[in-house]
Amino acid sequence: MGKLQTLQTAPPIRQATDAILAEIRVALEALNAGKPGGAVHDYRVALKRWRALLRLLHGQIGDEAIALRREASLLSRTFNRSRDAQAALDALTDIVGSKENAAPSISQRTQATIADRMEGIRKTSETSALDAEALQRMHAGLTRALACASAWPLERMTFEDVAKALAQSYRRARRRLPCNWETASADDIHEFRKAVVTFRYQIELVEPLWPKMWQTFTDEVQKLRVRLGKSNDLVVLGKLIQAKQPLAHWRSRLTLPIEDRRQFHLNRARTASSRMFAEAPRSFQKRIEAMWKAVATAGTGSG
């Protein structure tokens, strides 16, 4: 069984590694050509996927995974201001489009004005961030990642290795799950969200190993990730309406809609997370190992 597990596990992990690095390369080519557009978003998402993969592979490649993950984190910060502007735009869209909170205090004219302001900040910040030095750092980071990845012994990785790594990420998210959602700070929720995002990307990376059996769980984790993401966007918007911030003029009109909408998402995140992380990490690991063995056995029988 061990040999079968190794042979069936290595190709999808190698393919995922190559695919992520290709995504980074394509985004960098667009950025290098002076066409940020959606390339900034694509680059940041690819780096998140890359960091999630590095956590998954830590047991196989050791400290190199930590170094590469830290570098990717630093590279991602290049676009922090652009990210915040986009988060504020998404939060505004969420408030305005929600059926639960029609936000009557925000007129269409106000919506358009705020959106224009945030879009301007986003574009300006992207342009200023993409100087020659930043682009050189990004290309150097990709070159290092490609060189390292080509030498990784992924062919020795078994599904037990994957299951153990997934269980570690599950445990990490479970530990960051707020004990009391009513008193949890925005930072507490943000740390939980980051752990969930990593876990979600890792599940996506290994999904080819068992696409049908894993899809429902993947969908549930994604729903939780979306709720936490929307909550985080609203926190960012809340910071931008404080004194001396770009949207301070609209503080009185946005404060209540922001809080109401954020609470809406957190209530649903709390419900989803209580179901998702009810299982002990060791039980989670055993369950997915059992699922894998069932799939592997069925595949062997049909062959």
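Draft legend 1. Summary view of empty space enclosed by the protein. Scanning the model with the defined rule gives two cavities of 30 Å³ or more in all. For the largest cavity, the calculated volume is near 90 Å³. Looking at the largest cavity, the residues that line it are Ile24, Tyr43, Leu47, Trp50, Leu68, Glu71, Ala72, Leu75, Met138, Gly141, Leu142 and Ala145. Residue assignment for the lining of the largest cavity shows that the elements contributing at least two residues are helix H2 (39-56), helix H4 (63-76) and helix H7 (132-150). A class-by-class count of the residues in the lining of the largest cavity yields 10 nonpolar, one polar and one charged. Here the second largest cavity defines a volume of roughly 40 Å³. Ala186, Ile189, His190, Arg193, Leu228, Ser231, Asn232, Val235 and Arg262 together form the lining of the second largest cavity. Here the residues of the lining of the second largest cavity sort into four nonpolar, three polar and two charged.

Draft legend 2. Region of interest: the layout of surface pockets. Roughly 1600 Å³ of volume is contained in the largest pocket. Around the largest pocket, the lining comprises 49 residues; the ones closest to its centre are Arg44, Lys48, Arg83, Arg193 and Asn232. Within the residue set of the lining of the largest pocket, elements represented by two or more residues are H2, H4, helix H5 (80-97), helix H6 (108-129), helix H8 (159-176), helix H9 (186-206) and helix H10 (211-240). Per-element accounting of the lining of the largest pocket gives the leading share, 12 residues, to H10. The residue makeup of the lining of the largest pocket, split by class, is 14 nonpolar, 12 polar and 23 charged.

Draft legend 3. Just H10, in detail. For H10, spanning 30 residues, the distance from its first C-alpha to its last is 41 Å, which sits close to the expected 44 Å at 1.5 Å a residue. Residue Phe217 marks the point of greatest curvature in H10, where the axis turns by about 25 degrees.

Draft legend 4. Here's a closer look at the environment of Ile13. Positionally, Ile13 belongs in helix H1 (residues 2-32). Of the residues examined, Ile13 reaches a relative accessible area of 0% and is grouped as buried. Each C-alpha atom, one on Ile13 and one on Ser283, is 24 Å from the other, the two residues being 270 residues apart in sequence. Leaving out residues up to four positions away in the same chain, Ile13 has contacts with Leu56, Leu57, Leu154, Met157 and Val206.

Calculation rules
Residues numbered from 1 in each chain as written. Predicted model: local features only at pLDDT ≥ 70, side-chain atom pairs only at ≥ 80, totals over all residues. Heavy atoms only, no water. 1 Å grid on protein atoms, 1.4 Å probe; cavity = no way out; pocket = protein on both sides within 12 Å on 5 of 7 lines; lining within 4 Å. Points joined across faces, edges and corners; volume = space filled by probe spheres on them. Helix = DSSP H or I, 4+ residues; strand = E, 2+ residues; numbered from the N terminus. Nonpolar A, V, L, I, M, F, W, Y, C, P; charged D, E, K, R; others polar. Expected span 1.5 Å × (residues − 1). Bend = angle between axes of the 7 residues up to and from the residue. Buried < 20%, exposed > 50% of the residue type's maximum accessible area, 1.4 Å probe, protein only. Contact = heavy atoms within 4.5 Å.

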